[in-house]
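Report on the structure
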Amino acid sequence: MLMTMDLSITSCMDLLQVQPPDLVRHSKNVSTLAVLLSMAAGCPSATQERIRVGSLLHDIGKQFVPGRILNKQGKLAPVELLNIQEHAWLGYAHLTNFTSDATVLQTVLYHHERWNGTGYPYGLQGESIPLEARICSLADVWDALVTDRCYRSAWNDTQAIELIWAGAGSLFDPLLTSQFLGILEEYRSEPEPPLPLPIKPVSENATVASAMGPSAQSMEDGI
Ligand SMILES: [Fe+2]
């Protein structure tokens, strides 16, 4: 059963600060991009704020994944890949202790779903993936690509744009992809975003997927 506590600015930022600095930086970048994309997609301002918070916390579940796996430089064993993929569901489960806001929770739970059904944890396809998660996934992949990772160097913008564009209609919502590429120029000159506004629970009965357990797919993380 979901709790109905507000996810206040303070608790949101407290939750974020338990993350390593590089993950905090990534989360802030993803949040900024996701808000810009939600604006381009025509989301109401209240929804934009919920997407801002959900995107800030999208990887909160990584605190439950062993660091030796998260930071492993070699190829991941299948069980290690499953451990990493569980962060989406673990983050969702953790956040239910703080909020019942469906947009926030769905952003976290579904941010690794892919348009063609090859994502995780549930392999949802197309518009069955909540809009907020489709928005977050584009921002997430972009920032991951243009950032140095322990297993590869950062891609340049041209390479990243080509990969994102190539994923339109397969990995990503095609309409959102074109809107995303349109806002990149604005993002590059975007100042530090303001802190998120407090979130009020949408309803006592906010729901996400009926199936709750992780069902990691045997697919590559890719990012
Ligand atoms: Fe993630």
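What you are looking at is a predicted structure, and each value in this text was computed from that prediction instead of being measured. (Residues numbered from 1 in each chain as written. Predicted model: local features only at pLDDT ≥ 70, side-chain atom pairs only at ≥ 80, totals over all residues.)

Moving on to the overall build of the chain. What the chain contains, in helices and strands, is 10 helices and zero strands. Expressed as a percentage of its 223 residues, the buried residues of the chain come to 39%. Sequence separation of 24 or more characterises 72% of the internal contacts of the chain that already satisfy a separation of 6 or more. (Helix = DSSP H or I, 4+ residues; strand = E, 2+ residues; numbered from the N terminus. Buried ≥ 20, exposed ≤ 12 C-beta atoms within 10 Å, placed from the backbone. Contact = placed C-beta atoms within 7 Å.)

Moving on: the environment of glutamine 48. Position of glutamine 48 among the secondary structure elements: in helix H3 (residues 45-56). Excluding its chain neighbours within four sequence positions, the residues that come into contact with glutamine 48 are Val35, Ser38, Met39 and Cys43.

Counting all residues, the mean pLDDT for the chain is 82, and 80% of those residues have values of 70 or more. Of all helices and strands in the chain, the one with the weakest mean pLDDT is helix H1 (residues 9-17) (73), whereas helix H8 (residues 131-145) scores best (97). Between residues 197-223, whose pLDDT stays under 50, and residues either more than four places distant or in other chains, the model counts 52 contacts. (pLDDT = per-residue confidence, 0-100.)

Before going further, it helps to examine helix H7 (residues 102-110). Across the nine residues that make up H7, a large majority, nine, are buried. Within H7, the full set of buried residues consists of Ala102, Thr103, Val104, Leu105, Gln106, Thr107, Val108, Leu109 and Tyr110. For H7, the secondary structure elements touched by its buried residues are H3, helix H6 (87-95) and H8.

We now examine the environment of threonine 103. In this fold, threonine 103 is placed in helix H7. Residue classification places threonine 103 among the buried positions, given that 26 C-beta atoms sit within 10 Å. Sequence spacing of threonine 103 and glutamate 132 is 29 residues, and the spatial spacing of their C-alpha atoms is 6.6 Å.

Take the nonpolar core next. If you look at the biggest cluster of nonpolar residues, it comprises 43 residues, and the most contacted ones within it are Ala34, Leu37, Val108, Ile135, Leu138 and Ala139. At the level of secondary structure, the elements contributing two or more residues to this core comprise H1, helix H2 (21-40), H3, H6, H7, H8 and helix H10 (174-188). No other element matches H8, which puts eight residues into this core. Apart from the residues lying within four places of it in its own chain, the contact partners of leucine 138 are Leu37, Ile164, Phe172, Leu176, Thr177 and Phe180. (Core = buried A, V, L, I, M, F, W, Y, C linked by C-beta atoms within 7 Å.)

With omega at 10°, the peptide bond leading from tyrosine 120 into proline 121 counts as cis. The residue proline 121 is located in the loop between H7 and H8 in this model.

Now for the packing of H6 against H7. At their nearest, the axes of H6 and H7 sit 7 Å apart, and the two run at 160° to each other. When the axis of H6 is compared with that of H7, the two are roughly antiparallel. Taking contact as the criterion, the partners of Ala88, Trp89, Gly91, Tyr92 and Leu95 in H6 are, on H7, Val104, Leu105, Val108 and Leu109. For the contact of H6 with H7, the per-class residue count stands at eight nonpolar, one polar and no charged. (Axes fitted to C-alpha atoms, helices over the stretch in contact; angles between N-to-C directions. Parallel < 35°, antiparallel > 145°, perpendicular 65-115°, else oblique. Nonpolar A, V, L, I, M, F, W, Y, C, P; charged D, E, K, R; others polar.)

Running from N to C, H8 and helix H9 (residues 157-166) point in directions that differ by 150°, and their axes come no closer than 10 Å. With respect to their mutual orientation, H8 and H9 come out roughly antiparallel. Note on packing geometry: the crossing formed by H8 with H9 is right-handed. Contacts between H8 and H9 involve Leu138, Val141, Trp142 and Leu145 on the former and, on the latter, Ala160, Leu163 and Ile164. Taken together, the residues of the contact of H8 with H9 sort by class into seven nonpolar, no polar and no charged. (Left-handed = near helix turned anticlockwise from the far one by under 90°.)

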